[in-house]
Amino acid sequence: MAEHDMVGASRSGRIAAHLFLILGAVVVAFPIYYVAVASTHSLQTILRPPLPLIPGPEAYQNYHEALAGGIGRIGGVSVDRLLLNTTIVALGIAVGKIIISMASAYAIVFFRFPLRMAMFWLIFITLMLPVEVRILPTYKVMVQLHLIDTYAGLILPLIASATATLLFRQFFMTIPNELLEAARVDGAGPWRFFRDILLPLSATNIAALFVILFIYGWTQYLWPLLVTNSNEMNTIVIALRKMISFADADTPWHLVMVTAVLAILPPVLIVVLMQRWFVKGLVETEK
Amino acid sequence: MNRATFPHRVLPWLLIAPQLLISLVFFYWPAVQALWQSTLREDAFGLKTTFVGLANFRKVLADPAYLNAIQVTVVFSILTAFFSMAVALFLAVQAEKVVRGKGFYRTVLIWPYAVAPAIAGMLWLFMFNPSFGSLAWPLKQMGIDWDPLLNGKQAMGLVIAAASWKQISYNFLFFVAGLQAIPKSLIEAAAIDGAGSRRRFWTIVFPLLAPTSFFLLVVNGVYALFDTFGIIHAVTGGGPGKATETLVYKVYNDGFVNLQLGSSAAQSVILMAIVIGLTAFQFRFIERRVHYG
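Cut-offs used in this document
Residues numbered from 1 in each chain as written. Chains lettered and ligands numbered in written order. Predicted model: local features only at pLDDT ≥ 70, side-chain atom pairs only at ≥ 80, totals over all residues. Heavy atoms only, no water. UniProt positions renumbered as here; feature names shortened; annotations may be inferred. Helix = DSSP H or I, 4+ residues; strand = E, 2+ residues; numbered from the N terminus. Domains from an automatic or database assignment. Contact = heavy atoms within 4.5 Å. Buried area = accessible area lost by both parts, 1.4 Å probe. Phe/Tyr/Trp six-rings, centres within 6.5 Å; stacked < 30°, edge-to-face > 60°. Buried < 20%, exposed > 50% of the residue type's maximum accessible area, 1.4 Å probe, protein only. Lys NZ or Arg CZ within 6 Å of the ring centre and 35° of its normal.

Per an unreviewed UniProt entry, the recorded name for chain B is sn-glycerol-3-phosphate transport system permease protein UgpA, and the organism is Albidovulum denitrificans. Under the UniProt heading Subunit (unreviewed entry), the note attached to chain B is "The complex is composed of two ATP-binding proteins (UgpC), two transmembrane proteins (UgpA and UgpE) and a solute-binding protein (UgpB)." The Sequence similarities (unreviewed entry) field of the UniProt record for chain B holds the comment "Belongs to the binding-protein-dependent transport system permease family."

Chain A has the name sn-glycerol-3-phosphate transport system permease protein UgpE in an unreviewed UniProt entry, where Albidovulum denitrificans is given as its organism. On record in UniProt, under Sequence similarities (unreviewed entry), the comment for chain A is "Belongs to the binding-protein-dependent transport system permease family."

This is the structure in structure tokens:
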């Protein structure tokens, strides 16, 4: 405790710190709170600023209207479909990335084959080719492969990730040789070693990566914008963008606010509920 | 140390095949295409293409609109990185001081991480749109002519605010980790020498955070360059005029809207060079980070 008194903040310093943190938290949370509150007010109230800072009485009505076809009328596709699409894309990217990067890291660390390091570099260099720098040619490849407006088209180009492969490679290299040797003495092949030893040891890394990649998938924008023409294949983020028109006097803003809440809530819940793995994963694995 | 391995010869190829295939089809092939396309010029009907060498690059680099995009990108990136890092560092330092409630503050401060950049932009537009934004309303009451959809500077301010807000979570978590890694004994020694808390921060804590700050500077730079496309596209569409047209937005716009393929490809190649430079810088620097570690 003496140590704490010496370098820790004084009582007044701690109170000031709390005040700053509360202010910071309020400012950071406000945009999300604002849209959540807006989603519980009538269209008339939303259009007459300033918006009340407490939730209004229209919550049930707005959400009911939005979920029972309201969003479908303004977005051209039902909200269930939007949430389904976004979930498929986010899960597909997260699970797909984890599987293919674990497989390739496993090959690179636990096997010897010709061109092994060349393959490693080939994967590593993709780090320097984000989709933004090769938009048009990648789009052409999608057209040639008939992947426009398909889940495969939304997911596949985003699941090759050098970062995840590097992470697993780094982790696999810390596995002691003795473990593998013991497993082989017991007659375990590559699959059993992977399933019984490596997979359980990787559980924390997988959980951490899953949160980060799920968020990555859910929040994609440029790619879904390019490879979907049909409203049916929109993700909720793209659909929301299409609903917003400030020039159009008839935009049903109360329904737009409900859509925004539905687009924000799932990833925020995942980050908050899986916070422990998320923070560990982000700070420790990030390159 | 010699790694113990399995003796299989075909299996590793099967394991690595999916990633390799996707990398080749969706990364290398398009990247080569971009390089090739950047040396071609297509006529207006897309019927004839001619090899023009580096002409596309010369044209792009002499184009005032491209120079404008460079300037917009630099201003946008520097201000976004500065604001989000400054706010995050301030909050992380405060979080180090408190004993109770750390978990609660962290839980709230990580929310923006989970919000898509495009939605972050829309949230700020909801609050600040001139027709019914509740935060635009007091500005108008004060007699400020607020309309980010018409005024370039205000538009830039709005996209910077949204982009910085979104990145606070990330920076906060890294600064908290960085602060925890600083040996308490150093700070105690300075306290014994009579350094006040402000002086301890600027002479000990801040310099020791340099590796974290450099790392974040690169990450925030990459973020501002690439990941903010959604914000720009959803909020301003590069406008008004070209006031918020960043490099990535221009590649998209020239390629998909204006259909200037050669120019868009040349811009892609320039962006590739920037990413390669940043990545190389980052990895060199990460080496140092480990030494500090």
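Further notes follow.
Engineer: Sorry if this is basic, but what is going on with the UniProt feature "domain: ABC transmembrane type-1" (unreviewed entry) in chain B here?
Structural biologist: The positions UniProt marks with the feature "domain: ABC transmembrane type-1" (unreviewed entry) are residues 70-282 of chain B. Helix makes up 76% of residues 70-282 of chain B and strand makes up 0%, while its end C-alpha atoms are separated by 21 Å.

Engineer: How should the domain arrangement of chain B be read in this particular structure?
Structural biologist: Accessible area lost during the coming together of the parts is what is often quoted as the interface size. Residues and elements named next belong to chain B. In terms of domain boundaries, chain B breaks down into domain 1 (11-53) and domain 2 (63-292). Between the C-alpha centres of domain 1 and domain 2 there is a distance of 32 Å. Listed per partner, the contact involves seven residues of domain 1 and seven residues of domain 2. Both sides of the domain 1 and domain 2 interface together cover about 490 Å² of buried area, and 81% of this is carbon and sulfur.

Engineer: Just checking my understanding: could you explain the packing of aromatic side chains for this structure?
Structural biologist: Aromatic rings considered in pairs are described by the distance between their centres and by the relative angle of their planes. Across all of its chains, the model carries 39 aromatic pairs over all chains by this definition. An angle of 85° between the planes, with centres 5.8 Å apart, marks the rings of Y106 of chain A and F111 of chain A as edge-to-face. Residue F111 of chain A is classed as buried on the basis of its relative accessible area of 0%. A ring pair is formed by F201 of chain B and W202 of chain B, whose centres lie 5.0 Å apart and whose planes are at 80°; its orientation type is edge-to-face. Relative accessible area serves as the criterion here: at 52%, W202 of chain B is assigned to the exposed category. Following the ring pairs from residue to residue traces out a cluster consisting of Y106, F110, F111, F168, F171, F172, W191, F193 and F194 of chain A together with F6 of chain B. A cation over a ring is seen here: R134 of chain A above F27 of chain B, with NZ or CZ 4.1 Å from the ring centre. Directly above the ring of F120 of chain A sits R169 of chain A, whose terminal nitrogen or CZ lies 4.3 Å from the centroid.

Engineer: Is there a simple way to think about the UniProt feature "transmembrane region" (unreviewed entry) in chain A in this case?
Structural biologist: Residues and elements named next belong to chain A. Per the UniProt record, the feature "transmembrane region" (unreviewed entry) sits at residues 15-36, 88-111, 118-136, 148-168, 197-218 and 253-274. What you have in residues 88-111 is 96% helix and 0% strand, and the ends, taken at the C-alpha atoms, are 33 Å apart. The span residues 118-136 shows a helical share of 53% and a strand share of 0%, and its end C-alpha atoms are spaced 28 Å apart.

Engineer: Looking at this model, I keep getting lost on unusual backbone geometry. Mind explaining?
Structural biologist: One can expect most non-glycine residues to show negative phi and most peptide bonds to be in trans. Residue and element names in this part refer to chain A. Phi is positive for H146, which is not a glycine, with a value near 55°. Within the secondary structure, H146 sits in the loop between α7 (135-144) and α8 (151-155). The class of H146 is exposed, set by a relative accessible area of 67%. A positive phi angle is found at D149, which is not glycine, with a value near 60°.

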